[in-house]
Amino acid sequence: MAADLGYDGVEVMVWADATSQDVSALRRLAEQHGVPVLAVHAPCLLITQRVWSPEPEERLRRAVVAASDLGATTVVVHPPFRWQRRYAENFEELVADLEEASGIRIAVENMFPIRPPNSWDRLRGTRASGLSAFRPSPDPTEVGFRNYTLDVSHAAAAQIDPLELMRRMGERLAHVHLTDGTGTPSDEHLLPGHGSQPCAEICTALGSGGYTGTVIIEVNTRKAKTVDQRAAQLAEALLFARLHLEPLRDKPDFQL
């Protein structure tokens, strides 16, 4: 479908699907369809705690190896869960060491609390507060990493202004999940333009600000009743992105 719609490439989320875990199969599919794998999302969801290894450190290492084997430039990873104490304590050093050794960008993604910030949190200006499953925070800019992934839907669920978060990430922003949300506590991943987030403004800022990373359409199409409906939604998202990212389209290395 990505090939048919004209996407430049895909991000592979490694999860319970067997093909997503098989680097050789992914390579064959990429070659067959002429669609490169631009990024690998490490298996760090609750449902993928046993994929590749029960140890989160090993899962991240294998994601880096997979990205290298597939010619991808980026690995996307979530901040550690609170109960992953050893992993959380060594996470910053592990990410830095893997980046240094592999040359792959490990872009730490902003997440969202289980319970969103209340009005008192917002008055105090507290970032990404509320009840969080992540250590030390769902906001990776509070720690500081060499590379970040901006996920607009996650920012909406955390009730954080994604433009402000993008400014905090600055030149370290390496990867964008272009999607939308309404600001409810749930992670909606709507088509860009179907929620309340400033998706067009984000694209315009990327296009005018010298962004050199990758933009990924990460949307929920589960409500599509047919393949044609799903294709139409993904085509709409691609058109939205290309219209608003137009200045980047002239750059030879840009991919969407």
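Refer to the preceding data block for the structure.
Residues numbered from 1 in each chain as written. Predicted model: local features only at pLDDT ≥ 70, side-chain atom pairs only at ≥ 80, totals over all residues. Heavy atoms only, no water.

S.K.: How should I be thinking about the packing of aromatic side chains in this particular structure?
M.R.: This structure, assessed with the given rule, holds four aromatic pairs. Considering the side-chain rings of Phe91 and Phe145, the 5.6 Å spacing of their centres and the 70° angle between planes classify their relative orientation as edge-to-face. Of this pair, Phe91 sits in helix H4 (residues 85–102) while Phe145 sits in the loop between helix H5 (119–124) and strand E5 (148–151), and the two are 54 residues apart along the sequence. On the accessibility criterion, Phe145 (7% relative accessible area) is buried. Put simply, the rings of Phe81, Trp83 and Phe134 touch in pairs and so form one group of aromatic residues. (Phe/Tyr/Trp six-rings, centres within 6.5 Å; stacked < 30°, edge-to-face > 60°. Helix = DSSP H or I, 4+ residues; strand = E, 2+ residues; numbered from the N terminus. Buried < 20%, exposed > 50% of the residue type's maximum accessible area, 1.4 Å probe, protein only.)

S.K.: Could you clarify how one ought to interpret the pairing of strand E4 (residues 105–109) in this entry?
M.R.: Sheet faces and side chains relate simply in a regular strand, where the side chains alternate between the two faces. Judged by how many residues are buried, E4 sits mostly within the fold: four of five residues are covered. Sheet analysis places strand E3 (residues 74–77) next to E4, joined by four bridges and oriented parallel. Considered in E4, the bridge of Val77 is made with Val108. In this fold, the crossover linking E3 to E4 by way of H4 has right-handed handedness. Bridge count for E4 against E5 is two bridges, and the pairing is parallel. Pairing of Glu109 across the sheet is with Thr149, part of E5. (Pairing = 2+ DSSP bridges. Right-handed = clockwise from strand over helix to strand, strands pointing away.)

S.K.: Quick question: what am I supposed to make of unusual backbone geometry here?
M.R.: Outside of glycine, negative phi angles account for most residues, and trans bonds account for most peptide bonds. Residue Pro136 follows Arg135 across a cis peptide bond; omega there is 0°. Within the secondary structure, Pro136 is located in the loop between H5 and E5. You will see that Gln159, though not glycine, has its phi angle at about 60°, which is positive. The topology assignment puts Gln159 in the loop between helix H6 (152–157) and helix H7 (162–169).

S.K.: Honestly, the environment of His175 in this entry has me stumped. Any pointers?
M.R.: With respect to the helices, strands and loops of the structure, His175 is situated in strand E6 (residues 173–178). In sequence terms His175 and Glu109 are 66 residues apart; their C-alpha atoms lie 8.8 Å from each other. Not counting residues up to four positions away in its chain, the partners in contact with His175 are Glu11, Ala39, Thr74, Val76, Ala107, Tyr148, Thr149, Leu150, Tyr211, Thr214 and Ile216. (Contact = heavy atoms within 4.5 Å.)

S.K.: Help me out: how do you make sense of the nonpolar core in this one?
M.R.: Considering soluble globular proteins, one finds that nonpolar side chains tend to be buried as a cluster. Among the nonpolar cores identified, the biggest contains 57 residues, and Leu60, Val75, Val77, Phe91, Ile106, Leu173 and Leu206 are the most heavily contacted of them. It is helix H3 (residues 56–70) that contributes the most residues to this core, six residues altogether. Look past the residues within four positions of Phe91 in its chain and what remains in contact with it is Leu60, Val77, His78, Pro79, Pro80, Val108 and Phe145. (Core = buried A, V, L, I, M, F, W, Y, C linked by side-chain atoms within 4.5 Å.)

S.K.: Explain the packing of H7 against helix H8 (residues 199–208) here, please?
M.R.: When two helices pack together, their arrangement is captured by the angle between the axes and the distance separating the axes. Interhelical geometry of H7 versus H8 gives an angle of 25° and a closest axis separation of 10 Å. If you check the angle between H7 and H8, you find them roughly parallel. Relative to H8, the crossing made by H7 is right-handed. Contacts between H7 and H8 involve Pro162, Leu163 and Met166 from the first element and Glu201, Ile202, Ala205 and Leu206 from the second. Grouping the amino acids of the contact of H7 with H8 by side-chain chemistry returns six nonpolar, no polar and one charged. (Axes fitted to C-alpha atoms, helices over the stretch in contact; angles between N-to-C directions. Parallel < 35°, antiparallel > 145°, perpendicular 65-115°, else oblique. Left-handed = near helix turned anticlockwise from the far one by under 90°. Nonpolar A, V, L, I, M, F, W, Y, C, P; charged D, E, K, R; others polar.)

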